[in-house]
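Commentary on secondary and tertiary structure
Residue-level listing of the chains:
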2 protein chains.
Amino acid sequence: MPRPAKKPRKSYHHGDLRNALLTAAREVLEERGPSFLGLREISRRVGVSAPSAYHHFPSRDAIALGLAEQGAAELATCLAAAPANPSGSLLTYGEAYIAFVRANPALYRLMFGEGFPAVSQHSAAIRALRERSYDIMKAGLEQRLPASELPIAGLFLWALVHGLGLLLVDRQIVRDGDLEDIIRRVLTLAGTGLLHGRGRDDGQSGPPPPPPGTRSA
Amino acid sequence: MPRPAKKPRKSYHHGDLRNALLTAAREVLEERGPSFLGLREISRRVGVSAPSAYHHFPSRDAIALGLAEQGAAELATCLAAAPANPSGSLLTYGEAYIAFVRANPALYRLMFGEGFPAVSQHSAAIRALRERSYDIMKAGLEQRLPASELPIAGLFLWALVHGLGLLLVDRQIVRDGDLEDIIRRVLTLAGTGLLHGRGRDDGQSGPPPPPPGTRSA
DNA sequence: GTCAAATCTTTACAGTGTTAGGATTATGCG
DNA sequence: CGCATAATCCTAACACTGTAAAGATTTGAC
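Everything quoted here is computed from the prediction, not taken from an experiment. (Residues numbered from 1 in each chain as written. Chains lettered and ligands numbered in written order. Predicted model: local features only at pLDDT ≥ 70, side-chain atom pairs only at ≥ 80, totals over all residues. Heavy atoms only, no water.)

Residues and elements named next belong to chain B. Running from N to C, helix 3 (residues 60-81) and helix 4 (residues 89-103) cross one another at 145°; their axes reach a closest spacing of 9 Å. In the packing of helix 3 onto helix 4, the handedness of the crossing is right-handed. Taking contact as the criterion, the partners of Gly71, Glu74, Leu75, Cys78 and Leu79 in helix 3 are, on helix 4, Tyr93, Ala96, Tyr97 and Phe100. Residue classes in the contact of helix 3 with helix 4 are distributed as 7 nonpolar, 1 polar and 1 charged. (Axes fitted to C-alpha atoms, helices over the stretch in contact; angles between N-to-C directions. Helix = DSSP H or I, 4+ residues; strand = E, 2+ residues; numbered from the N terminus. Left-handed = near helix turned anticlockwise from the far one by under 90°. Contact = heavy atoms within 4.5 Å. Nonpolar A, V, L, I, M, F, W, Y, C, P; charged D, E, K, R; others polar.)

Next comes the structure, spelled out in structure tokens:
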């Protein structure tokens, strides 16, 4: 049973230091921002000396990498749990994505920021999780777009929610109206683009969308 | 006349240290990335002792802020110089924006990253320059959209190029095709959305999905 | 020429990530 | 059980960082 952490432990060994470090790191992250994520600050919160962390992580960056992997996994979970409304799947996925970013602003910045080299180099685990998120969103488009348009449409959607999420996190959007409504309208605008923009290079005129779930290339 | 910088100067006084520091800082930035932008490293390149910088900048963050202001000004200039092709203004503005990001990747990350508190707080100068860039892009939309749609359309466009630029800088887009073409197709897709999305038809407003609070599942 | 202001210097301090080596506890084998 | 050994945590120390304080050198005004 993992020790409750943060309380003064009685045993010399902690018992679950690795997870305790990650938990404390996440607290520091959301409380004070990615640039204050210091190894000594983290260890201090856990009540342990700084070098102890090196028995569980090879470097400070590795702790940040651990957080980034957590974040990537949670993002994929959020997207997978989004209600797959067939008529407005783009809207629901987009809103789920934005909701995650707004619920974990500092974590999202860490995931896509430059502050931690280990994170920027995209570990294999992160790459896999990111691909999973991307595939989930793309699957939502698959029912309504010809396969030839999927790569561009997926990239379009990803870039939009990525940029919109970061603008929100950075408080760049100062409009005083209802933020939820603004987000919904931007995503709706994107949806009409996807719906009306299909006539590019698919010569067929009334193409039934290919329903069978062949994973995209 | 500014001293050539980087060569061992003979006079005790440098003469144009402030600009020399900014120039060296920009070199460090693009060579090694924002997280390696150290005050001592910068001073070393100029051939001057570290505390000298404090006569020209109140802190290390202030140097980064100076770079961010430079970047904001250059971005606005790039957008203003974009050929105002009336039929595809969105494409040209979007491409100009992306071109700037790709030409100054580290600078763009510094401008919108979290590594430097002074930068994240958006100085008045940066706010003004950013607004100018935004207005330039919005002006490109003005000729083709009703005024009521402008705020959302502008935000949509900004979020898209912001996200797309950051994805490019982060090397998240690994598709092996022609990158220029991919960018063009994404922007074109966005353009069709703007053109066809003016009559807002959001009849379906489903139940808002529960925001995933996701604190330590 | 002289004095003051501006500029650059060395020195020093508190903080960081990290390494080395010693203390303490848990574990597996006889 | 008893004991060797491995795992874990500790303190001490190093090189580095941003920044403050105070001394040296140059510029410019009177």
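Now, onward.
So, about the side chain of Ser123 of chain B. All names here are of chain B. Note on placement: Ser123 falls in the loop between helix 6 (117-120) and helix 7 (124-142). Owing to a relative accessible area of 17%, Ser123 belongs among the buried residues under this scheme. In terms of polar contacts, Ser123 uses its side chain to reach the side chain of Glu69, at 3.1 Å. (Buried < 20%, exposed > 50% of the residue type's maximum accessible area, 1.4 Å probe, protein only. Polar contact = N/O pair within 3.5 Å; in protein donor to acceptor, adjacent residues only side chain to side chain.)

Counting residues at the interface gives 54 residues for chain A and 48 residues for chain B. In this structure, the connection of chain A to chain B is made through 0 salt bridges. Counting across the interface, chain A meets chain B through 9 residue pairs in polar contact (both at pLDDT 80 or more). Elements with a minimum of two residues in the side of chain A that touches chain B: helix 1 (17-32), helix 3 (60-81), helix 4 (89-103), helix 5 (105-112), helix 7 (124-142), helix 8 (150-169) and helix 9 (179-196) of chain A. The element best represented in the side of chain A that touches chain B is helix 8 of chain A, accounting for 13 residues. Of the residues that constitute the side of chain A that touches chain B, the class distribution is 25 nonpolar, 16 polar and 13 charged. (Salt bridge = Lys/Arg side-chain N within 4 Å of Asp/Glu carboxyl O.)

With that settled, consider the packing of aromatic side chains. Residues and elements named next belong to chain A. Tallied over the full model, the rule gives 7 aromatic pairs over all chains. Measuring from ring centre to ring centre gives 4.8 Å for Tyr108 and Phe112, while their planes differ by 45°; the resulting arrangement is tilted. On the criterion of helical spacing, the pair formed by Tyr108 and Phe112 is a turn pair, its members being 4 residues apart in helix 5. With respect to class, Tyr108 is no different from Phe112; both count as buried. Members of the aromatic cluster, connected to one another through ring pairs, are Tyr97, Tyr108 and Phe112. (Phe/Tyr/Trp six-rings, centres within 6.5 Å; stacked < 30°, edge-to-face > 60°.)

Let's shift gears to the pattern of salt bridges. Residues and elements named next belong to chain A. Counted under the stated rule, the structure contains 17 salt bridges over all chains. A salt bridge links Glu74 to Arg26; the nearest nitrogen and oxygen atoms lie 2.8 Å apart. Of this pair, Glu74 sits in helix 3 while Arg26 sits in helix 1, placing them 48 residues apart in sequence. Judged by its relative accessible area of 5%, Arg26 is buried. For Arg45, the salt bridge goes to Glu27, with nearest N and O atoms at 3.8 Å. With Arg45 in helix 2 (residues 39-46) and Glu27 in helix 1, this residue pair connects regions lying 18 residues apart in the sequence. Among the charged side chains, a network of salt bridges with common partners joins Glu27, Glu31, Glu41, Arg44 and Arg45.

What follows covers the confidence of the model for chain A. Residues and elements named next belong to chain A. Averaged over every residue, the pLDDT of chain A is 84; residues scoring 70 or more account for 81%. Scored below 50 in pLDDT, residues 1-7 makes 9 contacts in the model with residues more than four places away or belonging to other chains. Counting interchain partners and residues more than four positions distant, the pLDDT-below-50 stretch residues 198-217 has 21 contacts. (pLDDT = per-residue confidence, 0-100.)

Note on the identical chains: chain A maps onto chain B by a rotation of 180° and an axial translation of 0.0 Å, with an RMSD of 0.0 Å. Both copies are brought into coincidence by an operation consistent with a two-fold rotation axis. A shared interface surface links the copies, since 76% of the contact residues of chain A are contact residues in chain B too. (Least-squares fit on C-alpha atoms with pLDDT ≥ 70 in both.)

Another aspect to go through is the packing of helix 3 of chain B against helix 5 (residues 105-112) of chain B. Residue and element names in this part refer to chain B. In contact at an axis separation of 9 Å, helix 3 and helix 5 are set at 110° when each is read in the N-to-C sense. In terms of axis orientation, helix 3 runs roughly perpendicular to helix 5. Along this stretch, helix 3 crosses helix 5, giving a crossing that reads as left-handed. Contact with helix 3, carried on its side by Ala64, Leu67, Ala68, Gly71, Ala72 and Leu75, involves Leu107, Leu110 and Met111 of helix 5 and no other residues of that element. When its residues are assigned to classes, the contact of helix 3 with helix 5 shows 8 nonpolar, 1 polar and no charged. (Parallel < 35°, antiparallel > 145°, perpendicular 65-115°, else oblique.)

A word on the side chain of Arg130 of chain B. One can find Arg130 of chain B in helix 7. Here Gln172 of chain A takes part through its side chain, which lies 3.0 Å from a polar atom of the side chain of Arg130 of chain B. When near neighbours in sequence (up to four residues on either side) are disregarded, Arg130 of chain B contacts Gln172 of chain A together with Met111, Phe112, His122 and Trp158 of chain B.

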